[in-house]
Amino acid sequence: MNLNLKSDQILFLHKGTITKELIELVVEALEQSVTNLEGDRKVRRKITNVFIEVFQNIGYHGVKDPEFSSSDMVIVLSLDKYYKIGTRNLIKKDTQDKISDKIKQINGMTPEELREEYKVALSSNELSEKGTAGLGFIDIARKSGEKLYCEFEKANDQYSFFYFETRIAKDQSSGEKAKHRAASVKN
């Protein structure tokens, strides 16, 4: 992750095991933080929705291993023109290519294509081994209106750390949104 942090930029930071039970408590804390900072209700809703999705992705799909018990992380930053949501979690090393390919595919889609892909995934009866329909990254891209960014780092022979970022523009006017979808999330 390409983070240059100042303490006043951090809206939320959680490091440690992420469980399904923790999600509700954490969402309440983030909503309060964002409500105090962001006046635009649409932006607040997007931050909350994307945050819930990334948090659930870690809870449902992240690998739990005692050796890496505190490796999960979620951070929300307030920067000049956008909010950045970043995560880190442990995954099986053999899933890297699948995740990377999915993100590249999503980044190559227009908003209309994302909407159609979402409908197709929603209507298919295929569920992952975790019982989800694989909508997470599609949903994040749709809600954020931004490109998705990921990196992988070897943890050991079996696992990798998966770093993920997206952002949400503070200015949600229609002209700005179109520009953001084409931009790199590293900016």
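Residues numbered from 1 in each chain as written. Predicted model: local features only at pLDDT ≥ 70, side-chain atom pairs only at ≥ 80, totals over all residues. Heavy atoms only, no water.

Engineer: Any chance you could explain the pattern of salt bridges here in plain terms?
Structural biologist: Opposite charge on two side chains allows them to pair when their charged atoms are near. The final tally for this structure, using the stated rule, is 7 salt bridges. A salt bridge links K119 to E116, with the shortest nitrogen-to-oxygen separation between them at 3.6 Å. Taken together, the residues K119 and E116, both in helix α4 (residues 111–123) and 3 residues apart, mark about one turn of the helix. Assessed through its relative accessible area of 45%, E116 is described here as partly exposed. In this structure, the salt-bridge partner of D157 is K154, at a minimum N-O distance of 3.3 Å. Both residues of the pair, D157 and K154, count as exposed. (Salt bridge = Lys/Arg side-chain N within 4 Å of Asp/Glu carboxyl O. Helix = DSSP H or I, 4+ residues; strand = E, 2+ residues; numbered from the N terminus. Buried < 20%, exposed > 50% of the residue type's maximum accessible area, 1.4 Å probe, protein only.)

Engineer: Explanation requested: helix α2 (residues 41–61) in the structure shown.
Structural biologist: Given 3.6 residues to a turn, an α-helix orients residues that are three or four positions apart in the same direction. The end-to-end C-alpha separation of α2 is 30 Å, in line with the 30 Å expected for 21 residues at 1.5 Å each. Within α2, the full set of buried residues consists of V43, K46, I47, T48, V50, F51, E53, V54, F55, N57, I58 and G59. Where α2 begins, one side-chain oxygen reaches toward the backbone nitrogen of K42, 2.9 Å away; that side chain belongs to D40. (Expected span 1.5 Å × (residues − 1). Polar contact = N/O pair within 3.5 Å; in protein donor to acceptor, adjacent residues only side chain to side chain.)

Engineer: Is there a simple way to explain the packing of α2 against helix α5 (residues 136–144) in this structure?
Structural biologist: Each pair of packed helices gets described by two things: the angle between the helix axes and the distance between those axes. Remark: α2 packs on α5, axes separated minimally by 9 Å, with the N-to-C direction vectors making an angle of 165°. In this view, α2 runs roughly antiparallel relative to α5, as classed from their interaxial angle. Of the two possible hands of crossing, α2 and α5 adopt the one that is left-handed. On α5, the residues touching K46, N49, V50, E53, V54 and N57 of α2 are G136, F137, D139, I140, K143 and S144. Here the contact of α2 with α5 is composed, by residue class, of 4 nonpolar, 4 polar and 4 charged. (Axes fitted to C-alpha atoms, helices over the stretch in contact; angles between N-to-C directions. Parallel < 35°, antiparallel > 145°, perpendicular 65-115°, else oblique. Left-handed = near helix turned anticlockwise from the far one by under 90°. Contact = heavy atoms within 4.5 Å. Nonpolar A, V, L, I, M, F, W, Y, C, P; charged D, E, K, R; others polar.)

Engineer: Whenever I open this one, the confidence of the model for the chain confuses me. Can you help?
Structural biologist: Any region with low pLDDT has predicted coordinates that should not be read closely. Across the chain, the average pLDDT comes to 81, with 82% of residues at or above 70. Summarising per-element confidence for the chain, the mean pLDDT is lowest in helix α6 (residues 174–182) (46) and highest in strand β4 (residues 149–154) (95). Below pLDDT 50 for its whole length, residues 175–187 participates in 31 contacts with residues either more than four positions away or in separate chains. (pLDDT = per-residue confidence, 0-100.)

Engineer: Sorry if this is basic, but what is going on with the environment of L22 here?
Structural biologist: Inspection of the secondary structure puts L22 in helix α1 (residues 20–37). Separated by 34 residues in the primary sequence, L22 and Q56 place their C-alpha atoms 9.9 Å from one another. Setting aside chain neighbours within four positions, we find L22 in contact with H14, T17 and F55.

Engineer: I keep staring at the sheet that holds strand β1 (residues 10–15) and nothing clicks. Help me out?
Structural biologist: The strands making up a sheet are joined through hydrogen bonds of the backbone, oriented either antiparallel or parallel. Across the sheet, 5 strands lie side by side as β1-β2-β3-β5-β4; this open sheet has antiparallel pairing. In this open sheet, the two edge strands, each paired with only one partner strand, are β1 and β4. With direction set aside, neighbouring strand axes in the sheet form an average angle of 15°. Where α2 meets the sheet, it contacts β1, β2 (73–78), β3 (82–92) and β5 (159–169), and its direction lies at approximately 10° from that of β3. (Pairing = 2+ DSSP bridges.)

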